[in-house]
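These are the residues of each chain, in order.
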Amino acid sequence: MKKPASIFDIHVHLLGNAQLDAEFMAFAQNWDMPFATSCLGSQGSMLAYPTFEQCVAANDAVLEQMAQYPDFVYGFCYVSQQHESSAVEEVRRCLGKGMRGVKLWVAVKVDDPRTFPIAEAALEYNAPVLIHSYLRREEILPEESKPDHIVALARRYPDLPIIMAHMALRWQEGADAVAECPNIYVDTSGCDPELGSVEYVIDRLGVDRVLYGSDGPGRDVLCQIARVMAADISESDREKVLHLNAKRLLGLGGAK
Amino acid sequence: MIIDFCAHCGYDEVSSLSHNIMNERFFDTARFVELAQAAGIERSVVSGSENESLIRFPTLSPASDVAEVGSVKGVRIFPTYQIWDFDGEEMASVLAAAKRSGLIVQICLRLQDPRVLVQKTPSGEVLKALDKLAEVHKDVRFAVSGANYYEAQANSALFSRQNVWMDISHVQHPINSLEKLLAVVDAGRVLFATNSPIFYPKTAVYRVIHSAISDLNRDRILYQNAKQLLG
């Protein structure tokens, strides 16, 4: 039950909540855990339907954190497809300033044509697109992407690396839905540590497509790490999930 | 030594509602025990089985006859998944049996994320009703399973009662949640629990071992509090 020697968190949020953000940074430094982060609202709230100006402010907060912690904090640019050409320009601005990926949340389903120019901009930079996905039993967010929407985007852009976040919550159905799309990865963040979940997604997708993530600091990062440490997998597979796959995907040969 | 105050082993009509495909394998007693032992857990409170490492708290539904539970240390109810009227006759008979026989009444709120396994009654409503019950029935010991940190914080009056304990199986938000929990619930009434085999049992052990809490509180949570409560 020891600490892993190396770990990279692919799914973190800068909340704009001073206490939680500071706690996360202290944890990450204590565990020597570089991470990829996006900000979904720089005022301490996560904005499902942000204005364009709110997206820019959120991304600026991430750029600031990247500048403060180079080679430790890697930004993902948050945009809403509702902003169409402005969102594309924001993706180019942020990736041009060193962000490593794009984050799409729940404003518009990702098979909507307004997503396509954003995907094409990400492709220009070979940057992965991290897409929130929850298969809920009861719908509360009409534009939340399901695995099938992500598959549609992945098939349209087979060279675009896509990360389906949270293993879609219901991990068995999520992994089954995306198994045949080699450019879809999953992260283990933001859902409960259900027995067999890590083993199942590795079995269905192959270990190279499974990434550790926490969804911290809203989630307890320790519980999310513990899930991967508890999984009945080989040590070489655990290393791939914990950090090697993410570093490969983000092109971070020199990361800690 | 580690005592798991809420796990699931043997047939139980409520816990078998969970959607984790791995469950079937481990509701079997021998496999469950093997899984628990691999995580370093020596004793587990479960609903459907009993042996030297399993302490049985049979699950009661509102239709159950509490007189039929036999010689046990506690009973388990799932008021978020089955409709329980805490002011009704069924609960009155459970409380009467608890007083008569010293039974612990375990209130299980969650088996899985409510977005996966929908609750008929939200946890928050159950906790409010339980607060009234615990205040009136001070001689009954209640162990709450499946509450999260925010619910503990929002129901601080309930969780400060001397006859109420809380387990950590679903304390998974936000960062440093166990440390935060100990700021709102007395460490002497926090119980270790895994919710296995729905969750990995090792994750709960790992997070307690690596949390920034004192060794004294770690020992209390992992086994001393449960040992004392179980007598």
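**A short note on the overall build of chain B**
So, step 1. Along its length, chain B carries nine helices and eight strands.
So, step 2. The C-alpha atoms of chain B give 16 Å as radius of gyration, which agrees with the globular expectation for 231 residues (17 Å, within 12%).
So, step 3. Across its three principal directions, the C-alpha atoms of chain B cover 45 × 40 × 35 Å.
So, step 4. Taking all contacts inside chain B whose residues are at least 6 apart in sequence as the whole, residues at least 24 apart take part in 67%.
So, step 5. Accessible area for chain B stands at about 8,900 Å²; split by element, carbon and sulfur atoms hold 48% of it.
So, step 6. If the 23 positive side-chain charges of chain B are averaged to one point and the 26 negative ones to another, these points end up 5 Å apart.

**Some thoughts on the interface of chain A and chain B**
So, step 1. Contacts between the two partners involve 42 residues from chain A and, on the opposite side, 35 residues from chain B.
So, step 2. Both sides of the chain A and chain B interface together cover about 3,200 Å² of buried area, and 64% of this is carbon and sulfur.
So, step 3. Along the contact surface separating chain A from chain B lie two salt bridges.
So, step 4. Residue Arg 207 of chain B pairs with Asp 220 of chain A through a salt bridge whose shortest N-O separation is 3.3 Å.
So, step 5. One can count 19 residue pairs in polar contact (both at pLDDT 80 or more) joining chain A with chain B.
So, step 6. At the level of secondary structure, the elements contributing two or more residues to the side of chain A that touches chain B comprise α1 (18-30), α6 (171-178), α7 (197-205) and α8 (221-230) of chain A.
So, step 7. Broken down by element, the side of chain A that touches chain B gets its largest block of residues, eight residues, from α8 of chain A.

**Side note on the sheet that holds strand β1 (residues 3-4) of chain B**
Residue and element names in this part refer to chain B.
So, step 1. Pairing is parallel across the open sheet formed by three strands, whose spatial order is β1-β2-β3. Across the chains shown, the open sheet's two edge strands, defined by having one partner strand only, are β1 and β3 (54-56).
So, step 2. Looking at chain direction, strand β2 (residues 43-46) and β3 are connected through three bridges and run parallel. Opposite Val 46, over in β3, you have Arg 56 as the bridge partner.

**Description of helix α9 (residues 215-230) of chain B**
Residues and elements named next belong to chain B.
So, step 1. Spanning 16 residues, α9 covers 22 Å between terminal C-alpha atoms, matching the ideal 22 Å at 1.5 Å per step.
So, step 2. For α9, the principal kink sits at Ile 221 and spans about 55 degrees.
So, step 3. Where α9 ends, the next residue or the one after it, Gly 231, has phi of about 70 degrees, a positive value.

**Topic: the nonpolar core**
Nonpolar side chains in soluble globular proteins tend to end up buried together.
So, step 1. Among the nonpolar cores identified, the biggest contains 84 residues, and Met 33, Val 102, Tyr 212 and Ile 225 of chain A are the most heavily contacted of them.
So, step 2. Broken down by element, this core gets its largest block of residues, seven residues, from α8 of chain A.
So, step 3. For Met 33 of chain A, the contacting residues outside a window of four places in its chain are Ile 7, Phe 8, Asp 9, Phe 24, Phe 27, Ala 28, Phe 72, Tyr 212, Val 221 and Ile 225 of chain A.
So, step 4. If you look at the next biggest cluster of nonpolar residues, it comprises 57 residues, including Phe 32, Ile 41, Val 69 and Phe 192 of chain B.

**What to know about the packing of aromatic side chains**
So, step 1. Tallied over the entire structure, the rule returns nine aromatic pairs over all chains.
So, step 2. Consider the rings of Phe 24 of chain A and Phe 35 of chain A, whose centres lie 4.9 Å apart with planes at 85 degrees: the pair is edge-to-face. In this pair, Phe 24 of chain A sits in helix α1 while Phe 35 of chain A sits in strand β2 (residues 35-38), placing the two residues 11 residues apart along the sequence. Judged on exposure class, the residue Phe 24 of chain A and its partner Phe 35 of chain A are both buried.
So, step 3. Ring centres of Phe 5 of chain B and Phe 57 of chain B lie 5.8 Å apart, and the angle between their planes is 90 degrees; on these two criteria the pair is classed as edge-to-face.

**Considerations on the pattern of salt bridges**
Residue and element names in this part refer to chain A.
So, step 1. Under the criterion given, the structure shown has 20 salt bridges over all chains.
So, step 2. Arg 92 is paired through a salt bridge with Glu 124; the nearest N and O atoms lie 2.7 Å apart. Note that Arg 92 is positioned in helix α3 (residues 84-96) and Glu 124 in helix α4 (residues 116-124), a separation of 32 residues in sequence.
So, step 3. A salt bridge links Arg 238 to Glu 235; the nearest nitrogen and oxygen atoms lie 2.9 Å apart. In this pair, Arg 238 and Glu 235 both sit in helix α9 (residues 235-250), three residues apart, roughly one turn of the helix.
So, step 4. For Arg 238, a relative accessible area of 7% gives the class buried.
So, step 5. Glu 235 sits in the exposed class, given a relative accessible area of 54%.
So, step 6. Connected through shared salt-bridge partners, Arg 136, Glu 139, Glu 144 and Lys 146 make up one network.

Calculation criteria
Residues numbered from 1 in each chain as written. Chains lettered and ligands numbered in written order. Predicted model: local features only at pLDDT ≥ 70, side-chain atom pairs only at ≥ 80, totals over all residues. Heavy atoms only, no water. Helix = DSSP H or I, 4+ residues; strand = E, 2+ residues; numbered from the N terminus. Rg over C-alpha atoms; globule rule 2.2 N^0.38 Å. Contact = heavy atoms within 4.5 Å. Areas by Shrake-Rupley, 256 points an atom, 1.4 Å probe, with all protein chains shown as cover. Lys, Arg positive; Asp, Glu negative; His and termini not counted. Charge placed at Lys NZ, Arg CZ, Asp CG, Glu CD. Buried area = accessible area lost by both parts, 1.4 Å probe. Salt bridge = Lys/Arg side-chain N within 4 Å of Asp/Glu carboxyl O. Polar contact = N/O pair within 3.5 Å; in protein donor to acceptor, adjacent residues only side chain to side chain. Pairing = 2+ DSSP bridges. Expected span 1.5 Å × (residues − 1). Bend = angle between axes of the 7 residues up to and from the residue. Core = buried A, V, L, I, M, F, W, Y, C linked by side-chain atoms within 4.5 Å. Buried < 20%, exposed > 50% of the residue type's maximum accessible area, 1.4 Å probe, protein only. Phe/Tyr/Trp six-rings, centres within 6.5 Å; stacked < 30°, edge-to-face > 60°.

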